[in-house]
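Working through the structure, step by step
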Amino acid sequence: MHIGIFTDSYLPYTSGVVRSIIVFTNELRRRGHRVSIFAPTYGNRKEKEENDIYRFPSLRAPTFKEFALAIPLAPSLSRRLDDLKIDLIHVHSPFIMGRVGAYMAKKMGVPLVFTYHTLYEEYVHYFPFIPRLMRHAVRNYTISFGNRCQLVIAPTNPIAEYLREHGVHVPVITIPTGIELERFQNLDSTWLRRHLNLPPEKIILLHVGRLGKEKNIPFLLKSFAMVLREEPTTHLVLVGSGPLKDELQNLVSTLKINQSVTFAGQFPFEQMPNVYAGADLFIFASITETQGLVIGEAKAAGLPVVAVKAFGVQDMVKNGEDGFLTPNDINAFTNAVIQLVKDLNLRRQMGRQARQNATELAASAMACRLEAQYKSLLAL
């Protein structure tokens, strides 16, 4: 079959949504399907050389310069889709490109699938012209968009329930983004320490994610300051970039933990498995995740996890088995971290179990489930 993917974000921009598209696209192509991707341009010359990727002109988002907003003007799109013989359209956003995809699916009479990647109402802080009163409007809009589709995919069970409870009445199924387990073989556990010049006696706590308000990183920094007082050999590494970086660095200075926190920035994609493998413990406090793909990747590298129990994250950690889920309470979170920092045997035991549990999210298995859903829709 030939699947058309419509997305508001794609390479070179990186995010959980982009990773999900790449993972499923690679697996579907391995299974013999053709996948064409329709996405914004980012002004990169290499974009003109891409196969089966079609770029829309775009503008940079005024409050988030890394993000590009597609200009949905493509007079020849209908003819192109007809020429490509698209069988099904899968949208990964309910907004600009999602609307274009929905319009084309209706016009062509092909099934429309929507993956609900993001709790969009939790991101209104990036759009200052939208007052907080619009939170419900954003939620209602995304629910309404979901009901225009033949199938809605949620990355975790709690998100599927959330969608049903808030009014999505079309079929909603759970298919997590898979982990490419082959990337997490034969890892170099010394790479991160060598790259950051950290001594071997340091116990590295790792966070991977955008430095944005929605990730609850001030909570992590305040918790780490408490951990550090108890265990001075710990060191926190924050991987990622984002608009909150300056504010977070100021908080680190205020907490007087500068020497024990590294803002590592972003790493090349191919090095990320070694980044995970070089840490001792993965910590995560976001309360807005629909899945938390980085948790799955950390587990695939053999890291136990301490995370705040919220929305999709609670499906990603087996509490007491491969890590700990805590309330959104700094003392509970800190105590869980300290327990794993102090107990090397428990940390190793949970790390081994984390690696084993990550196999349940194998990308090939998740793509097989998605393929089955596509076939069911095309058979109607």
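Residues numbered from 1 in each chain as written. Predicted model: local features only at pLDDT ≥ 70, side-chain atom pairs only at ≥ 80, totals over all residues. Heavy atoms only, no water.

**Focus on the pattern of salt bridges**
Rule in force here: By convention in these notes, a salt bridge is any Lys or Arg side-chain nitrogen within 4 Å of a carboxyl oxygen on Asp or Glu. Buried, partly exposed and exposed residues are distinguished by accessible area as a fraction of the type maximum, computed with a 1.4 Å probe on protein chains only: under 20%, between the cut-offs, and over 50%, respectively. Secondary structure is summarised from DSSP: a helix means a run of H or I of at least four residues, a strand means a run of E of at least two, and numbering begins at the N terminus for each.
For the structure shown, the criterion picks out 15 salt bridges. A salt bridge links Arg 194 to Asp 188, with the shortest nitrogen-to-oxygen separation between them at 2.5 Å. Arg 194 sits in the exposed class, given a relative accessible area of 53%. Two residues, Asp 322 and Lys 299, come together in a salt bridge whose shortest N-O distance is 2.9 Å. You can see Asp 322 sitting in the loop between strand S14 (305–308) and strand S15 (323–326) and its partner Lys 299 sitting in helix H10 (residues 293–300), a full 23 residues away along the chain. No difference in accessibility class separates Asp 322 from Lys 299, as the two residues are buried. It is possible to trace a salt-bridge network through shared partners that takes in Arg 31, Glu 371 and Lys 375.

**Here's the deal with the packing of aromatic side chains**
For clarity, the threshold we go by: Any pair of Phe, Tyr and Trp rings, taking the six-membered ring for Trp, is counted once the centres come within 6.5 Å. Such a pair is stacked with planes under 30 degrees apart, edge-to-face with planes over 60 apart, and tilted for the rest.
For the coordinates displayed, the defined rule picks out 13 aromatic pairs. Seen from their ring centres, Tyr 13 and Phe 67 are 5.5 Å apart, and the 85 degrees between their planes marks the pair as edge-to-face. Separated by 54 residues along the polypeptide, Tyr 13 in the loop between strand S1 (2–6) and helix H1 (16–30) and Phe 67 in strand S5 (residues 64–70) bring together distant segments of the chain. Overall, the relative accessible area of 8% leaves Tyr 13 in the buried class. Taking 5.7 Å as the distance between ring centres and 90 degrees as the angle between the ring planes, the aromatic pair formed by Tyr 162 and Phe 311 counts as edge-to-face. One end of the pair, Tyr 162, is in helix H5 (residues 157–165); the other, Phe 311, is in the loop between S14 and S15, with 149 residues separating them in the sequence. Given a relative accessible area of 7%, Tyr 162 falls into the buried group.

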